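Single-letter residue listing:
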Amino acid sequence: MPQAPKPGSPEAIADVTSFVRFERVRKSYDGVHFVVEDLNLAVRKGEFMTMLGPSGSGKTTSLMMLGGFEEPTFGHIFLGDEPVERLAPEKRNIGFVFQSYALFPHMTVAENIAFPLRYRGLKGAAAAEKVVKALDMVHLGHLASRKPSQLSGGQQQRVALARALVFDPTLVLMDEPLGALDKQLREHMQVEIKLLQRMLGITMVYVTHDQSEALTMSDRIAVFNDGRVQQLATPEVLYEQPANSFVASFIGENNLMPVTVAAAGGGVATVTLRDGSRLQTRNPAGVTAGGRALLAIRPERFFIQDGATSGSSILLSGSISDIFYLGDHVRLSVDVGGEKPVVARIPVSLRRSFARGESVALGCAIADCRLLEG
Ligand code: ADP
Ligand code: MG
């Protein structure tokens with residue numbers, strides 16, 4: 001009987017009904033150093049997939065290879081069943097939106113949007129109808145005859161969006177498209193793009209370094225670091241079950257406390273903190289006893305423990321070194337004897353006041369503690 005492919009292997013990825021597939025893709029610009037290492041990634045039809053990672057982690061390079069603007073040094077990229085890595089960009093039927101809107105300054109809004117249609121030989125009434133539809137989709141019907149220079153940044157980005165969608169592409173790629181917009185407009189556009197993508201049922205590969213943007217928009221997120229995908233999962237799984245300390249601290253905020261593992265087995269472990277105190281924790285990653293590890297606890301999972309602890313929670317005691325009032329929560333830095341203070345977010349609705357220097361006991365359910373490789 002054939003063996004089931006190992007999860008995450010190229011064979012397993014090929015098993016999934018995928019629309020876009022990277023198989024063992026590697027890229028080097030200088031022939032020495034690889035900026036994308038062994039990329040294996042499958043995007044499903046109609047999926048909103050985001051490549052998220054810090055600057056320089058290889059996101060744009062990966063997107064450019066998919067778009068056809070860069071060639072993989074090794075490996076293959078498939079669109080449907082077709083290998084495309086030697087196919088010219090214009091043969092791939094892909095829409096593109098960049099951070100720099102890349103609009104043609106001498107053309108009107110309508111002409112900019114009509115450009116991909118003209119390029120594909122579509123003219124006349126059929127083209128005009130598509131342009132009107134695309135303009136309506138991004139709420140710019142009233143600005144059709146303006147030039148890009150007469151538009152705000154947000155409006156220019158809508159034109160770029162309409163131009164990427166007007167020719168009914170099978171796939172749309174976006175590289176930090178909202179990076180130049182202010183926070184409020186950016187958050188508005190995140191929702192708008194997500195709704196458009198869902199309404200049109202297009203497959204989207206989106207690049208950003210902004211984790212909250214990725215969490216808001218994506219069906220799944222591939223977290224990049226150093227040219228490698230660290231984890232590919234839904235926003236919820238990335239947040240609740242990070243595969244390693246990079247993902248644990250890049251997605252949302254986390255306290256990562258160095259510990260030594262005294263005993264481990266059956267999905268739980270007993271760990272010793274810097275100050276010598278012992279705790280029980282969940283150990284889903286199977287960290288083994290004897291070595292160093294990191295205990296990860298989200299700031300919002302702490303609560304103020306006023307009475308005695310129960311068997312299902314842990315306790316960290318220390319003194320408050322900083323207090324920040326942030327409207328919906330109070331952010332406490334608590335010195336618990338480690339190298340760094342522990343950060344806790346306490347809801348303001350608890351109506352509890354704090355003072356610097358005050359001793360507090362922070363409780364946390366064992367279910368909310370996670371042991372990771374150090
Ligand atoms: P990201 O989009 O995640 O910021 P990039 O894919 O742009 O990352 O870059 C990954 C690495 O490749 C960086 O170290 C960058 O300097 C390098 N790089 C990107 N484009 C080129 C290029 N055209 N020539 C040489 N090096 C490049
Ligand atoms: Mg980039």
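Residues numbered from 1 in each chain as written. Chains lettered and ligands numbered in written order. Predicted model: local features only at pLDDT ≥ 70, side-chain atom pairs only at ≥ 80, totals over all residues. Heavy atoms only, no water.

1. Observations regarding the state of the cysteines
Applying the stated criterion to the full structure yields zero disulfides. With no disulfide partner, C364 has as its closest neighbouring cysteine sulfur the one in C369, 3.9 Å distant. Exposure remark for C369: the relative accessible area of 1% places this residue in the buried category. (Disulfide = S-S within 2.5 Å. Buried < 20%, exposed > 50% of the residue type's maximum accessible area, 1.4 Å probe, protein only.)

2. Thoughts on the domain arrangement of the protein
The assigned domain composition of the protein is domain 1 (10-246) and domain 2 (253-373). Contact residues are listed per partner, giving eight residues for domain 1 and eight residues for domain 2. In total, domain 1 and domain 2 occlude about 660 Å² of area from one another, counting both sides; carbon and sulfur atoms represent 44% of this. Looking at the side of domain 1 facing domain 2, the largest losses of area belong to Y239, P242 and S245, adding up to 69% of the total buried there. Our count for the domain 1 to domain 2 interface comes out at three residue pairs in polar contact (both at pLDDT 80 or more). Here the element with the most residues in the side of domain 1 that touches domain 2 is helix 8 (residues 235-240); it accounts for three residues. Class assignment for the residues of the side of domain 1 that touches domain 2 results in four nonpolar, three polar and one charged. (Domains from an automatic or database assignment. Contact = heavy atoms within 4.5 Å. Buried area = accessible area lost by both parts, 1.4 Å probe. Polar contact = N/O pair within 3.5 Å; in protein donor to acceptor, adjacent residues only side chain to side chain. Helix = DSSP H or I, 4+ residues; strand = E, 2+ residues; numbered from the N terminus. Nonpolar A, V, L, I, M, F, W, Y, C, P; charged D, E, K, R; others polar.)

3. Observations regarding helix 6 (residues 183-200)
The terminal C-alpha atoms of helix 6, which comprises 18 residues, lie 26 Å apart, in line with the 26 Å expected from a rise of 1.5 Å per residue. Among the residues of helix 6, those classed as buried are M189, Q190, E192, I193, K194, L196 and Q197. Where helix 6 is buried, its residues meet strand 3 (48-52), helix 4 (124-137), helix 5 (153-165), strand 7 (171-175), strand 8 (203-208) and helix 7 (211-217). Backbone geometry just after helix 6 places G201 at a positive phi near 65°. (Expected span 1.5 Å × (residues − 1).)

4. Some details on the packing of aromatic side chains
If you walk through the whole model with that rule in mind, you get seven aromatic pairs. Ring geometry for F69 and F96: centres 5.0 Å apart, planes at 65°, overall edge-to-face. One end of the pair, F69, is in the loop between helix 2 (59-67) and strand 4 (74-79); the other, F96, is in strand 6 (residues 94-98), and 27 residues separate them in sequence. For F69, a relative accessible area of 44% corresponds to the partly exposed category. A relative accessible area of 14% means that F96 is categorised as buried. Ring plane angle 55° and centroid distance 4.7 Å describe the contact between F104 and F115, whose orientation is recorded as tilted. You can see F104 sitting in the loop between strand 6 and helix 3 (109-119) and its partner F115 sitting in helix 3, a full eleven residues away along the chain. On the accessibility criterion, F104 (27% relative accessible area) is partly exposed. Every member of this aromatic cluster is reached through a ring pair, and the members are F69, F96 and F98. Cation over ring: K45 sits above F19, and NZ or CZ is 4.1 Å from the ring centre. Positioned above the aromatic ring of F167, the side-chain terminus of R120 is 3.8 Å from the ring centre. (Phe/Tyr/Trp six-rings, centres within 6.5 Å; stacked < 30°, edge-to-face > 60°. Lys NZ or Arg CZ within 6 Å of the ring centre and 35° of its normal.)

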